[in-house]
Amino acid sequence: GVELYQQLLSEAVTEAKGQTDIDPESEQWSPQIEIGAAVLLPENYVSDLSVRLGLYRRLAMMEDSAEVDSFAAELIDRFGPLPEEVDHLMRVVQIKQLCRLSSIDQIDAGPKGAAFRFRNNHFSAPDQLINLIQSSKGQLRLRPDHKLIVVAEWPTVDARFSGVRYVLEQLADFLTEVRGGKQVALQ
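About the criteria used
Residues numbered from 1 in each chain as written. Predicted model: local features only at pLDDT ≥ 70, side-chain atom pairs only at ≥ 80, totals over all residues. Heavy atoms only, no water. Helix = DSSP H or I, 4+ residues; strand = E, 2+ residues; numbered from the N terminus. Contact = heavy atoms within 4.5 Å. Buried < 20%, exposed > 50% of the residue type's maximum accessible area, 1.4 Å probe, protein only. Pairing = 2+ DSSP bridges. Salt bridge = Lys/Arg side-chain N within 4 Å of Asp/Glu carboxyl O.

Colleague: How would you explain the environment of Leu-82 if you had to name every residue and give the values?
Modeller: Looking at the secondary structure, you find Leu-82 in the loop between helix H3 (65-79) and helix H4 (84-102). Note: C-alpha distance between Leu-82 and Leu-41 (41 residues apart in sequence) is 9.4 Å. Ignoring anything within four residues of it in the chain, the contact list for Leu-82 reads Tyr-45, Ala-72, Leu-75, Ile-76 and Asp-87.

Colleague: Lay out the pairing of strand S2 (residues 104-110) in plain terms, naming residues and giving numbers.
Modeller: Most of S2 is tucked away: six of the seven residues are buried. Sheet topology note: the strand S1 (residues 32-34)/S2 ladder contains three bridges and is parallel. Counted as the bridge partner of Glu-34 is Asp-108 from S2. Direction of pairing for S2 relative to strand S3 (residues 113-118): antiparallel, over a ladder of six bridges. For Asp-108, the partnering residue across the bridge sits in S3 and is Ala-115. Taken together, S2 and the strand that follows it, S3, pair antiparallel across an intervening segment of two residues.

Colleague: Explain the pattern of salt bridges residue by residue, including any values.
Modeller: Close approach of charged atoms lets side chains of opposite charge pair. On inspection of all chains with the given rule, the structure shows eight salt bridges. For the salt bridge of Arg-78 with Glu-74, the shortest nitrogen-to-oxygen distance reads 3.3 Å. Remark: Glu-74 and Arg-78 occur in helix H3; sequence separation between them is four residues, near one turn of the helix. The exposure class of Arg-78 is partly exposed, given its relative accessible area of 45%. Taking relative accessible area as the criterion, Glu-74 reaches 24% and is therefore assigned partly exposed. Arg-91 is paired through a salt bridge with Asp-158; the nearest N and O atoms lie 2.6 Å apart. Here Asp-158 lies in helix H6 (residues 157-178) and Arg-91 lies in helix H4, a separation of 67 residues in the sequence. Each of Arg-58, Glu-74 and Arg-78 takes part in salt bridges that share partners, so that together they form one network.

In short, geometric facts, not functional conclusions.
What follows is the structure in C-alpha cells.
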C-alpha cells in the first residue's frame, strides 16, 4: 500500500511540475521490505478512505524514528490501540529509514534469515562489510549477485523485525563513519 501510494504520488507531482525526464539517481527511492507481516491501516481501524490516504501520505514523508513514534501516539489518541498490522506498518517505516541510511533497496526476510540487496549493487564501506562478514561465524555471506545473506533463526515476525533492524543498524553505523559522522539519508 505505502510503496504504491508513494510511487503514484511521485508520478503525480512530477507530472504536475511538467517534468518528463528525471534523473533516477536524484529521485526519491523507496526500499522494498518483505518480512511476512501484514502492514496497513485497516478499514476497521481508520474507516474513512481519504483519512487513510492522508495518513499514508504523512507516513511516506517521515524521516526519523521520533516522527514515527509521535505519529503512532497520535493514531492511538485518535483511533485507539494500534492493531497488529498498524504496529507492523510503523516498524516497516522505521526499517525503511534505516535502509536509506544503509543503502539497502530490498530486504526479503523469513524464518531462516534474510537477503539484503544493496542499492545499485554498491556499499560505500566495503572494508567494514568484509570485516563484519568474517567475524560473523558463517551467519553472513555476500553472494556473487551482491546480496548480503543473513542465516539466522527468526521464527516469528517480531524476531525478523529485530534481526533485520540489528543488521541495518550495523550497516548504517559503517556508512556514518564513512560520511564523517553525518547521518544523511541517501536520496
